[in-house]
Amino acid sequence: MSRRRLGSELRRFREEAGMTLEQAGSALECSVSKISRLETGKGLPKQRDVRDLVRLYGKEAEQGLERLLRWARDGARSGWWQEYTPLLTAEPFVFDGVDRYVALESDASTIRCFDMSAFHGLLQQADYARMILNEVLPVHSKSEIDRLLEFRMRRQEVLSRNEAPLRVESVIDQCVIDRMMGTDSRTARKQLAHVVELAGLSNISIQILPYSSGFVRACQGSFLVLEFAESLDQDVVFVENQAGTSYLEGDFGVGTFRTIFEGARSKAIGALESRDLLVSALARLS
């Protein structure tokens, strides 16, 4: 995300300076592709390159130099999740591009998610998460599943971080609860108790979409919208299915899925009523 922010600002400064990619590349005696990759967040930023571009783009760009250099430093670092990624290669369609997703998740301010099969990974209790991982990753060994479970639990630290904990707005189809009730009762109890506890936190909202709501556009598939406090124009939609993962950006993609999410939320029961329903389901298992 730091690279995306850096690239967005570099592109803005270049355009405000009235320069094309070709002109910037010619002035710095470097390739157009190098500058283009920096602007799209795909190139690994070097502080020297950032300084050279800022000098080229003029005084306004120079005033933001320290911020740009900070993003360049952050963008050159490896994330904590890098140590887990080798475990993901055996099932490429299940965890395709996990580096990118977790990087976005770690930097997001809000996630709005709609789920139809299971609670979102950030809301999963350990035993429930293990059950899910065992089902979707049948070729992995127990030790690999253990490591991936550790990975999933560590991701949840964003919910309780000291500075600006991640806000999660979750709408789940009622079938998520019914399907879970049909699994191991001990695991279901733990998951329900965990979700009830999370639903009491100020940064987490959980609503249930009942069957009585009829057909809702969101029910065509699970998805989530990642939002970023400092860069609203860089919000991202993430969609995962059996064929792999997709990222959508820009006003059309993000705006469309925001509308779909709001449509589901408007037909879901309220957060307090949903919590009561979860408590009732937990009581039936006790």
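Attention here is on the structure that accompanies the text. (Residues numbered from 1 in each chain as written. Predicted model: local features only at pLDDT ≥ 70, side-chain atom pairs only at ≥ 80, totals over all residues. Heavy atoms only, no water.)

1. Re the overall build of the protein
Helix and strand counts for the protein come out as 13 helices and six strands. Every one of the 286 residues in the protein was classed for burial, and the buried ones make up 47%. Only carbon and sulfur atoms are counted for the fraction: they give 50% of the accessible area of the protein, which is about 14400 Å². (Helix = DSSP H or I, 4+ residues; strand = E, 2+ residues; numbered from the N terminus. Buried < 20%, exposed > 50% of the residue type's maximum accessible area, 1.4 Å probe, protein only. Areas by Shrake-Rupley, 256 points an atom, 1.4 Å probe, with all protein chains shown as cover.)

2. Let's talk about the environment of G221
Looking at the secondary structure, you find G221 in the loop between strand 3 (204-209) and strand 4 (223-227). By relative accessible area, G221 is classed as partly exposed at 28%. In this structure, the C-alpha to C-alpha distance between G221 and V239, residues 18 residues apart in sequence, is 8.3 Å. Residues in contact with G221, not counting those within four places in the same chain, are F114 and M116. (Contact = heavy atoms within 4.5 Å.)

3. Notes on the pattern of salt bridges
In this structure the tally under the stated criterion is 19 salt bridges. Notably, a salt bridge pairs R147 with E150, separated by 3.0 Å at the nearest N-O pair. Residue R147 and its partner E150 are located together in helix 9 (residues 142-155), separated by three residues, close to a single helical turn. Taking the relative accessible area as the measure of exposure, R147 reaches 27% and is therefore partly exposed. By relative accessible area, which is 38% here, E150 ends up partly exposed. Residues participating in the shared-partner salt-bridge network are R112, R167, E169, E227, D235, R258, E262 and R265. (Salt bridge = Lys/Arg side-chain N within 4 Å of Asp/Glu carboxyl O.)

4. Description of the sheet that holds strand 5 (residues 236-241)
Strand pairing in a sheet relies on backbone hydrogen bonds. The paired strands run either parallel or antiparallel. Pairing within the open sheet is mixed, and its six strands lie in the order 3-2-1-4-5-6. On the outer flanks of this sheet lie strand 3 and strand 6 (244-248), each paired with one strand and no other. Between one strand axis and the next, the sheet turns through 15° on average, direction left out of account. Summarising the sheet, strand 1 (residues 110-115) and strand 2 (residues 167-173) pair through six bridges and their orientation is parallel. Opposite C113, over in strand 2, you have S170 as the bridge partner. (Pairing = 2+ DSSP bridges. Axes fitted to C-alpha atoms, helices over the stretch in contact; angles between N-to-C directions.)

5. Topic: the pairing of strand 6
The side chains of a regular strand alternate between both faces of the sheet. As judged from the five bridges shared by strand 5 and strand 6, these two strands associate in the antiparallel manner. Bridge pairing in strand 6 links F238 to Y247. Adjacent in sequence and paired antiparallel, strand 5 and strand 6 are bridged by two residues.

6. Details of the packing of aromatic side chains
When we look at a pair of aromatic rings, we describe it by the centre distance and by the angle of the planes. Counted according to the given criterion, the structure contains five aromatic pairs. Taken together, Y101, F238 and Y247 form an aromatic cluster joined through their ring pairs. Here the guanidinium or amino end of R12 rests over the ring plane of F13, the centre of that ring lying 4.6 Å away. (Phe/Tyr/Trp six-rings, centres within 6.5 Å; stacked < 30°, edge-to-face > 60°. Lys NZ or Arg CZ within 6 Å of the ring centre and 35° of its normal.)

7. Looking at helix 4 (residues 47-57)
An α-helical turn contains 3.6 residues, so any two residues separated by three or four positions project in the same direction. Residues of helix 4 that are buried: D49, V50, L53, V54 and Y57. In a view along the axis of helix 4, the buried residues occupy a sector of 130°, so they form one face of it. Helix 4 presents R48 and R55 as exposed residues on the side facing more than 90 degrees away from its buried surface. Trailing helix 4 by a residue or two, G58 shows a phi angle of about 105°, which is positive. (Arc of directions from axis to C-beta.)

8. Quick word on the pairing of strand 3
By the criterion of burial, strand 3 is predominantly enclosed, with six of the six residues buried. Where strand 2 meets strand 3, six bridges bridge the pair, whose relative direction is parallel. Its bridge partner lying in strand 3, D173 is registered against L209.

9. What about the nonpolar core?
Among soluble globular proteins, nonpolar side chains are generally buried collectively. Counting 46 residues, the largest nonpolar core has Y101, I111, F119, L166, L226 and L278 as its most contacted members. Top element by residues in this core is helix 11 (residues 185-199). It accounts for six residues. Counting 16 residues, the second-largest nonpolar core is a separate cluster that includes L38, V50, L53 and L69. (Core = buried A, V, L, I, M, F, W, Y, C linked by side-chain atoms within 4.5 Å.)

10. A closer look at the packing of helix 8 (residues 126-136) against helix 11
Running from N to C, helix 8 and helix 11 cross one another at 120°; their axes reach a closest spacing of 7 Å. One element, helix 8, and the other, helix 11, form an angle in the oblique class. Across from D127, Y128 and M131 in helix 8, the residues of helix 11 making contact are R186, T187, K190 and Q191. Grouping the constituent residues of the contact of helix 8 with helix 11 by class yields two nonpolar, two polar and three charged. (Parallel < 35°, antiparallel > 145°, perpendicular 65-115°, else oblique. Nonpolar A, V, L, I, M, F, W, Y, C, P; charged D, E, K, R; others polar.)

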